[in-house]
Structure formats: structure tokens, C-alpha cells
Amino acid sequence: MRTIIIIILYIIIAILSLPLYLVEFILRKINEKTAAKVAQTIVKYVFSLVMFISGCKKIIIGKENIPSDTPVMYAANHRSFYDIILAYATVPNQTAFISKKEIKKMPCVAQWMYFLNCLFMDRGDVKQNLNIILKAISLVKEGYSIYIAPEGTRNATDTLKEFKEGSMKIALKGKCPIIPVCICNTENIFENRLPWIHKGKILIEYGTPIYPDKLDKEDKKHLGAYVRGVIAEMYEKNAPKTK
């Protein structure tokens, strides 16, 4: 029943979005940041509704760790499509996500991501990936936070994949802190129960900011591995809370 309701909601949102697209296009001509702020407010409300209908019991930890006076780079483990829903419903600052290019094919979702200044990465194209990283650095300098999953793909195991060191350039060149993000159990809402959505506990923790310039030379050189280690410890601590 939840799956059917979510499909109906998706269709309704897609229809209601049509006139809002025009409003967003006009706003972007006037003030792009205002348009992104309005879009994020709408997306946050819709994604909160999606989680409620899906029966998600959210555990949210550490939002107070996110600085309010500077953009950040969120670095998160990635387990499910519901990661994006949970994250966008909880991030407190203006945030652009870096996502795989396949999401651009999703009607309605892709359009709203455009309004949010999200970036789409082709995992098989090294040159395109570099351009996306450069665009992300530019967004940080314009005051936007960036959310990225450095594993590069979904991973629902209890062992994190290696983090892509290139993704750390966003924080290094953008001169912003990294917020380690730990997500637990989102895969059991949908992916592990295909084709049906099941209720369950999901958790997101925003860790203590990591300031690359304050790390020693070796940790800064292998920043991806360092951040991965921090999130791995967070995951080990948090996973039992969703059982």
C-alpha cells in the first residue's frame, strides 16, 4: 500500500510542479540564490512527506555540528536512494548534491535538482568528473554547501568502500570544512524489499567538522582515507540503533 501511495504522490507532485517550474525559472532570472532557497524549501517538505508515508522512523544526530556561517562539504556513505531523501529533509543550509548522471532521466526529480544547482557526474568519464569537481568548488565559493558520496556508488554492506580522493578537492580548493555524514539502514526501506516500500528505522548523523588545514601533513595528503575512517567509526557506533 505504501508503494502505491508513493507512486500516486509522485504523479501529483509532478503535475503540481508544472506551474512552479515557471515561477522558478523567473526567480532564477532575478536571483539564483533565492530560487534555490525556495526550491530547497519545497523539496524538503515533499521529502519529509515521502518519509512519513514510507513509515520511516528517523533518528537525526548532530545537526548542531553544522556551521551556520560558512558553506561545507558533506561527505557521506551511500546505501540507498532514500539517502538523498533523508539528507535533503535534514540539511539546514543551502546545499547542492552531486549525483550520478542517470538521475537526469527521472522526470520532475531532475528538474528540481536543476533548480537546486545539483551536479550530475558520469562515473565513466574522468574528464567530465574533473569538470564537475571544478563546478562544485565554484559553488562553494558562491556560498553553497556541497553533498557528495565519495564511495562513488551505493554500498549496503557494513564495510565502506574506498573514498575517491578527487572528491576531497572540493573542500581543499573551496577552503571549507568537511562534515562527515553517517547513514544507516536506508536500504531496508526499499532496495532490500523490492518492489515494495517497508517501514523501518533510518539514521543520519552529522559529525564534527573536519578542517583540512588543521590536519597533519599525512592525513591531509590522504584526506579521503581519513574521512572514510571517521565515518566508518560513526557507522559502527550507529548501526545497532536501527535494528
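Structure first, text after, so check above.
Within any chain, residue numbers begin from 1 and follow the written order of that chain's sequence. Local features are withheld for residues below a pLDDT of 70 in this predicted model, meaning they are given only at 70 or higher, and side-chain atom pairs are given and counted only at 80 or more; totals for whole chains, interfaces and linings count all residues. Only hydrogens and water are set aside when side-chain values are computed; all heavy atoms of the structure are taken into account.

Student: Looking at this structure, I do not really get empty space enclosed by the protein. What am I missing?
Tutor: Think of a ball as big as a water molecule: rolled over the atoms, this probe shows where empty space is left. Using a grid of 1 Å spacing that covers the protein atoms alone, one calls a set of points a cavity when a 1.4 Å probe fits there but cannot get out, and a pocket when the set is open and has protein on both sides within 12 Å along at least five of seven lines; lining residues are those with an atom within 4 Å of a point. Grid points are joined across faces, edges and corners, and a volume is the space filled by probe spheres set on the points. Taken as a whole and assessed by the stated rule, the structure comprises 1 cavity of 30 Å³ or more. Looking at the largest cavity, its volume works out to about 40 Å³. As for the largest cavity, its lining consists of Phe47, Phe81, Ile84, Ile103, Val109 and Met113. In this count, Pro and Cys sit with the nonpolar residues alongside Ala, Val, Leu, Ile, Met, Phe, Trp and Tyr, while Asp, Glu, Lys and Arg are called charged and the others, Gly among them, polar. Across the lining of the largest cavity, the residue classes tally to 6 nonpolar, no polar and no charged.

Student: Hey, could you run me through unusual backbone geometry in this one?
Tutor: What you tend to see is this: most non-glycine residues have negative phi, and most peptide bonds are trans. The amide bond that connects Leu194 to the next residue, Pro195, takes the cis arrangement and shows omega of 0°. Numbering of helices and strands runs from the N terminus, with a helix taken as a DSSP run of H or I at least four residues long and a strand as a DSSP run of E at least two residues long. Relative to the helices and strands, Pro195 resides in the loop between β6 (178-184) and β7 (200-206). Residue Lys175 is not a glycine yet carries a positive backbone phi of 55°. Relative to the helices and strands, Lys175 is located in the loop between α6 (169-174) and β6.

Student: Is there a simple way to think about the pattern of salt bridges in this case?
Tutor: Side-chain pairs of opposite charge can arise where the charged atoms are in close proximity. By salt bridge we mean one thing: a side-chain nitrogen of Lys or Arg within 4 Å of a carboxyl oxygen of Asp or Glu. This model, assessed by the stated rule, comprises 6 salt bridges. Across the salt bridge formed by Glu187 and Arg79, the nearest N and O atoms sit 2.8 Å from each other. Separated by 108 residues along the polypeptide, Glu187 in the loop between β6 and β7 and Arg79 in the loop between β2 (73-76) and α3 (82-90) bring together distant segments of the chain. Ionic pairing is found between Asp213 and Lys220, a salt bridge with its closest N-O pair at 3.2 Å. Burial status follows relative accessibility: with a 1.4 Å probe on protein chains alone, a residue under 20% of its type maximum counts as buried, one over 50% as exposed, and anything between as partly exposed. Residue Lys220 is classed as partly exposed on the basis of its relative accessible area, which comes to 33%.

Student: Which parts of the structure should I look at to understand the packing of aromatic side chains?
Tutor: Aromatic rings considered in pairs are described by the distance between their centres and by the relative angle of their planes. Each Phe, Tyr or Trp ring, with Trp reduced to its six-membered ring, pairs with another whose centre is within 6.5 Å; inter-plane angles below 30 degrees give stacked pairs, above 60 give edge-to-face pairs, and intermediate values give tilted ones. Scanning all chains against the criterion turns up 10 aromatic pairs. Arranged with centres 5.8 Å apart and planes meeting at 65°, the rings of Tyr74 and Tyr206 form a pair that is edge-to-face. Residue Tyr74 is located in strand β2, and its partner Tyr206 is located in strand β7; the two are separated by 132 residues in the primary sequence. The exposure classification of Tyr74 matches that of Tyr206, with both residues buried. Measuring from ring centre to ring centre gives 5.6 Å for Tyr114 and Phe115, while their planes differ by 55°; the resulting arrangement is tilted. Clustering of aromatic rings is evident, with ring pairs tying together Tyr21, Phe25, Trp112, Tyr114 and Phe115. Put simply, a charge is over a ring when the Lys NZ or the Arg CZ is close to the ring centre, within 6 Å, and near the line of the ring normal, within 35 degrees. Directly above the aromatic system of Tyr144 lies the positively charged group of Lys33, at a separation of 5.8 Å from the ring centroid.

Student: Can you walk me through the layout of surface pockets in this structure?
Tutor: In this structure, the largest pocket spans a volume of roughly 800 Å³. As for the largest pocket, its lining consists of 34 residues, and the residues nearest its centre are Ile98, Met121, Arg123, Ala149 and Gly152. Contributing elements (two or more residues each) for the lining of the largest pocket: α3, β3 (95-100), α5 (126-141), β5 (145-148) and α6. Top element by residues in the lining of the largest pocket is α5. It accounts for 5 residues. Residues of the lining of the largest pocket, tallied by class, amount to 17 nonpolar, 9 polar and 8 charged.

Student: Can you help me understand the packing of helix α2 (residues 32-54) against α3 in this one?
Tutor: Packed helix pairs are specified by the crossing angle of their axes together with the interaxial distance, meaning the distance between the axes. Here, axes are lines fitted to C-alpha atoms. For helices the fit covers the stretch in contact, and angles between N-to-C directions go from 0 to 180 degrees. Contact geometry of α2 with α3 gives a least axis separation of 8 Å together with a crossing angle of 125°. Judged by the inter-axis angle, α2 sits oblique to α3. Taken as a pair, α2 and α3 cross one another with a handedness that is left-handed. For the pair formed by α2 and α3, the contact residues are Gln40, Val43, Lys44, Phe47, Ser48, Val50, Met51 and Ser54 on the first element and Tyr82, Ile84, Ile85, Leu86, Tyr88, Ala89 and Thr90 on the second. A per-class count over the contact of α2 with α3 returns 10 nonpolar, 4 polar and 1 charged. Note on angle classes: values under 35 degrees are labelled roughly parallel, values over 145 roughly antiparallel, values of 65 to 115 roughly perpendicular, and the remainder oblique. Two helices that cross are described as forming a left-handed crossing if the nearer one is turned anticlockwise from the farther one by less than a right angle, and a right-handed crossing if clockwise. In what follows, residue pairs with any heavy atoms lying within 4.5 Å of each other are defined as contacts.

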